[in-house]
Each structure stands twice: as C-alpha cells, then as structure tokens.
Amino acid sequence: GWGAPSAIDMYGPSTWVGGAELFGGQGDATRYICLAPSRVIRLPLARAAEYSLAERPFVDFIVKLLRWRDGHHMAMVSAAKSTQPGARIALLLAILAQGIRCSHSHLPVTPQAHGPVVPTNQSVIADYVGLSRSVVSRHLQALVGAGLMRLNYGSIEFLNTPAWESLYQAHV
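Residues numbered from 1 in each chain as written. Predicted model: local features only at pLDDT ≥ 70, side-chain atom pairs only at ≥ 80, totals over all residues. Heavy atoms only, no water.

S.K.: Help me understand the packing of helix 3 (residues 85-101) against helix 4 (residues 122-129), please; the structure alone is not making it clear to me.
M.R.: Each pair of packed helices gets described by two things: the angle between the helix axes and the distance between those axes. One can describe the packing of helix 3 onto helix 4 by two numbers: an axis separation of 10 Å at closest approach and a directional angle of 105°. Compared by their axis directions, helix 3 and helix 4 come out roughly perpendicular. Where helix 3 approaches helix 4, its residues Arg88, Ile89, Leu92, Leu93 and Leu96 are matched on the opposing element by Ile125, Tyr128 and Val129. Broken down by class, the residue content of the contact of helix 3 with helix 4 amounts to seven nonpolar, no polar and one charged. (Axes fitted to C-alpha atoms, helices over the stretch in contact; angles between N-to-C directions. Helix = DSSP H or I, 4+ residues; strand = E, 2+ residues; numbered from the N terminus. Parallel < 35°, antiparallel > 145°, perpendicular 65-115°, else oblique. Contact = heavy atoms within 4.5 Å. Nonpolar A, V, L, I, M, F, W, Y, C, P; charged D, E, K, R; others polar.)

Listed below in structure tokens is the structure:
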C-alpha cells in the first residue's frame, strides 16, 4: 500500500550506506530498516571536503564504489522488467547475492564455494521481486531442488556461488 515500506535492496554485514552525500550531493529518500545492531556515523561536509582533497585513494575508492553501486542498481532495474516470473526471481536473487557478498561497501570479491546467508523470509523476497508469495515460493522450491539455495526458517542460504556469479555476470 501507499506509504508502506518496500524492500528494494538488502545489505550484508559491515555495510556502510551513503556515498554521493560525501561530495555535497543530496541524500536519497530511502529509509533503511536494520535487522541487526547498527551504528550511525556522521561525517561533517567540511571534513569530507578535506578528505577529498588530501586523501586521493579515499576519493578514488568512493568513486569506484559509487560506479559499482550504480551498475548494481541498473542491473536490478533491468531484471525487474523481466516478464517471466522465474527469470525475474533468479536474476534478482543473483543480484542480491552479489550485493550482499560485496556488502555494497566493497568492490567485487573472489568467488567462494557457498554464498551468503540472507536473514529474511519468503514474504520479503516476494516484495523484493514484486511477485506474490505463492509464485515466489514455487520458484524458490525449484531453485532448492536444483541445489542452488537452501531455505531455512527466517533465512535463505545461497549455494553454488559460481552458478549465481555466472548468472549475475551474464546479466550485467
């Protein structure tokens, strides 16, 4: 409904949010819902300007990270337009797994045998992909049957990271 929170992305442990604001840009209107203890750190704009002038590696990292995040979000938008429910679910889950593996705060990391465990339920995933819970549940069960994920109470574990990584790379 109007005004109700909607899951548009999920972040992993040790993630920091923000970025463009460091360079004087406007913050987005997104609200963050934390499912684990979190810290809020504010960096005054004047200090950010000092860092941007004195710490070139810091600025280079932020620029690369923001470019990666933009590409990540563009991949989400294009995947969300998929009309086939199974394709939309698989693509958005691959994008979610990549984002959480990188914590949205790190550039892509080397592949691992197993991916992240996402502390969420099927209703949140249904909201994330924009489909009904029953449709999502049916397709998630197919992914479980294919050995690509494990569904636990209150969490989803990505298995076979190379397969998810291949799907992500083919999409982007």
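S.K.: Got a minute to help me understand the packing of aromatic side chains in this structure?
M.R.: Ring pairs (aromatic) are described by centroid distance and by the angle formed between their planes. Tallied over the full model, the rule gives one aromatic pair. Seen in terms of ring centroids, Phe158 and Trp164 are 5.1 Å apart; in terms of plane orientation they differ by 85°. Their pairing is edge-to-face. (Phe/Tyr/Trp six-rings, centres within 6.5 Å; stacked < 30°, edge-to-face > 60°.)

S.K.: Please explain the environment of Ala90 as it appears in this structure.
M.R.: Structurally, the position occupied by Ala90 is in helix 3. The exposure class assigned to Ala90 is buried, which follows from its relative accessible area of 18%. Taking the C-alpha atoms as reference, Ala90 lies 8.6 Å from Trp164; in sequence the two are 74 residues apart. Excluding its chain neighbours within four sequence positions, the residues that come into contact with Ala90 are Trp164 and Leu167. (Buried < 20%, exposed > 50% of the residue type's maximum accessible area, 1.4 Å probe, protein only.)

S.K.: Got a minute to help me understand the packing of helix 3 against helix 5 (residues 133-145) in this structure?
M.R.: For the pair helix 3 and helix 5, the least separation of the axes is 10 Å and the interaxial angle reads 65°. Classified by the angle between their axes, helix 3 and helix 5 sit roughly perpendicular to one another. The element helix 3 and its partner helix 5 pack so that their crossing is right-handed. Of the residues in helix 5, those touching helix 3 at Pro85, Gly86, Ile89 and Leu93 are Val135, Val136, His139, Leu140 and Leu143. Class assignment of the residues belonging to the contact of helix 3 with helix 5 gives a composition of seven nonpolar, two polar and no charged. (Left-handed = near helix turned anticlockwise from the far one by under 90°.)

S.K.: Any chance you could explain the sheet that holds strand 1 (residues 117-118) here in plain terms?
M.R.: Remark on secondary structure: sheet strands pair via backbone hydrogen bonds, oriented parallel or antiparallel. Across the sheet, which stays open at both edges, the three strands sit in the order 1-3-2 with antiparallel pairing between neighbours. Each edge of the sheet is formed by a strand with only one pairing partner; in this case those strands are strand 1 and strand 2 (149-152). Where strand 1 and strand 3 (residues 155-158) come together, two bridges link them in antiparallel fashion. Paired with Val118 across the two strands is Ile156, which belongs to strand 3. (Pairing = 2+ DSSP bridges.)

S.K.: Would you take a moment to explain empty space enclosed by the protein for this structure?
M.R.: Over the atoms, a rolled probe matching the size of one water molecule traces out where space is still vacant. Counted according to the given criterion, the structure contains one cavity of 30 Å³ or more. Lining the largest cavity we find Ala94, Ala97, Gln98, Arg101, Gly115, Pro116, Phe158, Leu159, Thr161, Trp164 and Glu165. Considering every element that reaches the lining of the largest cavity, the biggest residue donor is helix 3, with four residues. Of the residues assigned to the lining of the largest cavity, the class counts are six nonpolar, three polar and two charged. (1 Å grid on protein atoms, 1.4 Å probe; cavity = no way out; pocket = protein on both sides within 12 Å on 5 of 7 lines; lining within 4 Å. Points joined across faces, edges and corners; volume = space filled by probe spheres on them.)

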